[in-house]
Amino acid sequence: MKRTASSKTVLKIVAAIVTLAVACGLCLLTQDNVDAAIKEHRVERLNARIENIYTADYQKMADENLAAARGKSAATLDDPFVEENPYGTNTTSLYVYFTTDEKTSVSYTVSAAGYPDFSATAEQGDDYATTHEFLVLGLIPNVKNTITLTLKDSTGATVATKQIIHKGAKILGEEEVRLEQPVEPTSEATQALGNGLYAILGNDSNDQDFMYYYDVNGVLRGEVPVLYYRSHRLLFDDDGLMWFSASTKHFVGMNRLGKLEKIIDLGDRFILHHDYALDSDGNIVSLATDLTRSDHAVQDQVIKVDTTTGKVTQLIDFGDMFPDYKASTDHSGIDESDPTATNRWDWIHFNTIQLLPDGSALFSARETSTIIKVDDIEGTPKLDWMVGEPTVWDGTSYQKSFLTKVGDFGDTGGQHSITYEEDPSLPDGQYYIYMFDNNFGYAMTRPDFDWTTIKGISTAQSSKDENSRSQFRKYLIDENAGTYTEVQSFDVPYSPYVSSSQEITDTINLVDTGMQGVFGVYDDDGNLQAQYRMGLSTGYIYRVYHYDFKGFYFA
């Protein structure tokens, strides 16, 4: 959890250097010194600004200011009320408000010289309304944008149009406005992706952290600042809120206009990490670390966060579920959600949670290269089954819980972003799981284990290793027979850590190779349909998921 020096300290240091240089007649103050001090000062001010935005007082003030300014405007189609990023949560967004006599939908197209157009139908609460309040996404920063509004009645006939000219705001970060595209999107990819957006989740920075939205053409269409750490995925509840993590200690619920309606602080005991999901009651079930543990074990807990009250409840301590295995591991590891921490015991390292309709959950354990299913996680949790290389668990009683592999294929190595997928054509007890298989065999807490026993696995630490590849992989789980079968697999660029995968349609898949800063769209045979490259802030992009944002930003 990074914290920088105060702005006053930075200014005093710069002033002292300047004074000393003048007094001694020496050129002690280099341009690098000045640039570094200025950047430090800027980052400190930005951090303070973002911290203020993520408070209930700021959101209340922003709401009141917006209402007051709107009340002074004509707010008609001829003279609509617009406000840039009113709640501070999406830098290049534009709030639009006006009324009409006739009920209509509103679509918009954002145009800027040198960039492809971006079009969407605005989510305004109702499909057809006389009060039109929505957020326009997609403005290009620092240039003139023309936003063309098109109003249609329920028959689909256009009843009016309006143009708004607005210079896009300056972005707060240093991300590219347009990504490098080694492979331009094919028509199939463009059609599948539609006007949805890629959410870049965790291009982690030593300065200020953000979540970014990019369109199918690789153009920046949104910049969402977070407190620190990263957002791991976006969750949409039945009340119209989009939930995401804004730090290791904060979950927030944002409405479609960008207002943070709920800000939940986890308190002093737990910090979140890597993943979370909404349960059937609209509460968040999250992977967590218990900071009060005397043995300093990390990334081995599951908590529930009541999104109404903010109450935090512990659901699972995996140290209690797997005491024998935990005791067999070396007391070592790091906690990347708190890089200042020392003496951490990262013995299992969960990186994904998936909730199933029956109240069970799937977990991806990176340190053991195992996929684990636990029943009744909000009641009396009980191990159901495991998938992976059983010899990792030699000497423990848990080996009897492994499903039987059907077929000749190697198991995963350090897998990430496992995803549960129902298929109505399958009988009860069968379903699919797909994932980003890093195909990397290593565990800091198991230095004795020979990972090369897993067929085809790599032990290369560098993502640039030319002989190593990761995979998009998909299993058929048959709980009735107690088996798992590989039904799909194709190679993707190598990333020993992090990364993600997502089936967008039945034939189009999104894969993020995090440590290379590359994400691509593939067909089911592994043929690239589009590819994008993003400059890395430090080491990697944690995840990239595609969201259509229907019912939220878009109708």
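The structure under discussion appears in the preceding block.
Model, not experiment: these values are computed from the prediction.

Draft legend 1. Expanded view of the overall build of the protein. Per the secondary structure count, the protein includes six helices and 32 strands. For 555 residues, the compact-globule estimate of 2.2 N^0.38 gives 24 Å, and the C-alpha radius of gyration of the protein, at 25 Å, lies within 12% of that figure. Expressed along its principal axes, the backbone C-alpha trace of the protein runs to roughly 80 × 75 × 50 Å. For the protein, buried positions account for 57% of its 555 residues. Considering only residue pairs separated by 6 or more positions, the protein has 59% of its internal contacts joining residues 24 or more positions apart. Only carbon and sulfur atoms are counted for the fraction: they give 47% of the accessible area of the protein, which is about 22700 Å². Counting 45 positive and 82 negative side-chain charges, the protein places the averaged centre of each group 6 Å from the other.

Draft legend 2. Up close: the sheet that holds strand 17 (residues 301-305). Spatial strand order, 15-16-17-18: four strands in an open sheet with antiparallel pairing. The open sheet has two edge strands with one neighbour each: strand 15 (270-278) and strand 18 (312-317). Across the sheet, the mean angle from the axis of one strand to that of its neighbour is 30°, orientation sign disregarded.

Draft legend 3. Quick peek at the sheet that holds strand 12 (residues 242-245). With antiparallel pairing, four strands are arranged side by side in an open sheet as 11-12-13-14. Looking at the sheet topology across the chains shown, the edges are occupied by strand 11 (235-236) and strand 14 (260-265). Looking at chain direction, strand 12 and strand 13 (residues 250-254) are connected through four bridges and run antiparallel. Directly across from Trp243, in strand 13, lies its bridge partner Gly253.

Draft legend 4. Representation of the pattern of salt bridges in the model. Applying the stated rule across the entire model yields 24 salt bridges. Measuring nitrogen to oxygen at the nearest pair gives 3.1 Å for the salt bridge that ties Arg269 to Asp290. Linking Arg269 in the loop between strand 14 and strand 15 with Asp290 in strand 16 (residues 284-290), this pair joins segments that are 21 residues apart in sequence. The residue Lys326 makes a salt bridge to Asp295 at a minimum N-O spacing of 2.8 Å. In this pair, Lys326 is assigned in helix 6 (residues 323-328) and Asp295 in the loop between strand 16 and strand 17, connecting sequence segments 31 residues apart.

Calculation criteria
- Residues numbered from 1 in each chain as written.
- Predicted model: local features only at pLDDT ≥ 70, side-chain atom pairs only at ≥ 80, totals over all residues.
- Heavy atoms only, no water.
- Helix = DSSP H or I, 4+ residues; strand = E, 2+ residues; numbered from the N terminus.
- Rg over C-alpha atoms; globule rule 2.2 N^0.38 Å.
- Buried < 20%, exposed > 50% of the residue type's maximum accessible area, 1.4 Å probe, protein only.
- Contact = heavy atoms within 4.5 Å.
- Areas by Shrake-Rupley, 256 points an atom, 1.4 Å probe, with all protein chains shown as cover.
- Lys, Arg positive; Asp, Glu negative; His and termini not counted.
- Charge placed at Lys NZ, Arg CZ, Asp CG, Glu CD.
- Pairing = 2+ DSSP bridges.
- Axes fitted to C-alpha atoms, helices over the stretch in contact; angles between N-to-C directions.
- Salt bridge = Lys/Arg side-chain N within 4 Å of Asp/Glu carboxyl O.

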